[in-house]
Amino acid sequence: SMASPALLMRVVASAYSVAEKAATIVRNVMSAGDLGIVEKAGPNDLQTKADRLVQMSICASLARKFPKVTIIGEEELPTDDVTEDLIEDGHCEEILKKPCPTQYTGIKEEELVIWVDPLDGTKEYTEGLLDHVTVLIGIAYGGKAIAGVINQPYYNYEAGANAVLGRTIWGVLGMGAFGFQLAEAPAGKHIVVTTRSHSSALVNECITALNPDHVIRVGGAGNKIIQLIEGKASAYVFASPGCKKWDTCAPEAILHAVGGKITDIRGNSFQYNKEVKHMNSAGVLATLRNYDYYASRIPNTVKESLVP
């Protein structure tokens, strides 16, 4: 008889279905019309009813199936009183059929850390920039991001009434990434994607130093990594603190699974063990290709201003 699928593949297969459930919640909250917006640290740091319900749904659903896994979500929320209608018990059969990369076959539940951003691009969500929004579930082992799921609840939302809304991208290191068409940015073009609502003098100084042909300003870390893997941008540059581990874990796994690279502005890789601090204090530099070209052009003044 077939051996049962490795734990990692079961977690990814469940995270896929959990992310699709999350997308439904995100769309339902928006169409019901009451976003329930709360300011956390200020007007650019918002939480909505969707952030709250989605986090409860993701964390409770995964904790029920994988009780020994550490799950860290963005929002400070009580974990009890999660209603049954928020629980997703399904999994993606397609993912379970794929063989687990050998280096991960022996993983135990207590060795995994799942980083959850229930709604990445909350500010954009409240402003109706719906294609910026993603749901992020990142899976880490030994402090490294090894698998990830990114759902775009509003993918295709401008394609008309009959279009299928939303898509789920997923990837595992050593296996690849799926659910999108991998493409590289035009050769010789330097297209930088950066923050839309968290700009600063330092952020702009860093971008100017790269002398880009074009700058794209969009919300959400998940969305920015998608710009890279679909060839719409050649580098994601954010010379500022503000990004957190739950913003980068899932996107990092997917980017690394297709041969890209993400670090902080100083070139340090991110750590995802459960004891790590949540803030990526030294910003983000990510590319699908030509990482060294961009890394070599980050000014020392910028690096010195950002302390890991």
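Cut-offs applied
Residues numbered from 1 in each chain as written. Predicted model: local features only at pLDDT ≥ 70, side-chain atom pairs only at ≥ 80, totals over all residues. Heavy atoms only, no water. Pairing = 2+ DSSP bridges. Helix = DSSP H or I, 4+ residues; strand = E, 2+ residues; numbered from the N terminus. Axes fitted to C-alpha atoms, helices over the stretch in contact; angles between N-to-C directions. Buried < 20%, exposed > 50% of the residue type's maximum accessible area, 1.4 Å probe, protein only. Expected span 1.5 Å × (residues − 1). Contact = heavy atoms within 4.5 Å. Polar contact = N/O pair within 3.5 Å; in protein donor to acceptor, adjacent residues only side chain to side chain. UniProt positions renumbered as here; feature names shortened; annotations may be inferred. 1 Å grid on protein atoms, 1.4 Å probe; cavity = no way out; pocket = protein on both sides within 12 Å on 5 of 7 lines; lining within 4 Å.

Draft legend 1. Just the sheet that holds strand β12 (residues 261-263), in detail. Taken together, the five strands give an open sheet; going across it, the order is β10-β9-β11-β13-β12, and neighbouring strands pair in mixed fashion. Because the sheet does not close on itself, it has two edges, and the strands there are β10 (214-217) and β12. Adjacent strand axes in the sheet meet at a mean angle of 20°, parallel and antiparallel pairs treated alike. Sheet analysis places strand β11 (residues 235-238) next to strand β13 (residues 284-287), joined by three bridges and oriented antiparallel. Residue pairing across strands places Val 237 opposite Leu 285, the latter belonging to β13.

Draft legend 2. Main features of helix α6 (residues 221-229). Across the nine residues of α6, nine count as buried, placing the element largely inside the fold. Among the residues making up α6, those that are buried are Ala 221, Gly 222, Asn 223, Lys 224, Ile 225, Ile 226, Gln 227, Leu 228 and Ile 229. Remark: Gly 231 follows α6 within two positions and exhibits a positive phi of approximately 75°.

Draft legend 3. Representation of helix α2 (residues 49-65) within the structure. End to end, α2 covers 25 Å across 17 residues, agreeing with the expected 24 Å (1.5 Å per residue, within 8%). Those residues of α2 that sit buried are Ala 50, Asp 51, Val 54, Gln 55, Met 56, Ser 57, Ile 58, Cys 59, Ala 60, Ser 61 and Leu 62. Along its buried surface, α2 packs onto α1 (7-32), β2 (45-47), β3 (70-73), β4 (112-120), α4 (122-126) and β5 (134-141). Put simply, Thr 48 is the residue that caps the front of α2, since its side-chain oxygen is 3.1 Å from the backbone nitrogen of Ala 50.

Draft legend 4. Structural context of the UniProt feature "binding site: Mg(2+)" (unreviewed entry) in the protein chain. When the UniProt feature table is mapped to this numbering, "binding site: Mg(2+)" (unreviewed entry) covers Glu 74, Asp 117, Leu 119, Asp 120 and Asp 247. On the basis of their most widely separated C-alpha atoms, the annotated residues across 174 residues gather in one place, lying no more than 9.7 Å apart. The annotated residues that sit in the lining of the largest pocket are Glu 74, Asp 117, Leu 119, Asp 120 and Asp 247. Mapped onto the elements, Glu 74 comes out in the loop between β3 and α3 (93-97). Residues within four places of Glu 74 in sequence aside, it is in contact with Lys 40, Gln 55, Val 116, Asp 117, Pro 118 and Trp 246. Summarising the element assignment, Asp 120 is placed in strand β4. According to the relative accessible area criterion, Asp 120 is buried, its value standing at 5%. Sequence-distant contacts of Asp 120, that is, excluding residues within four places in its chain, are made with His 132, Val 133, Thr 134, Leu 136, Gly 220, Ala 221, Gly 222, Asn 223 and Asp 247.

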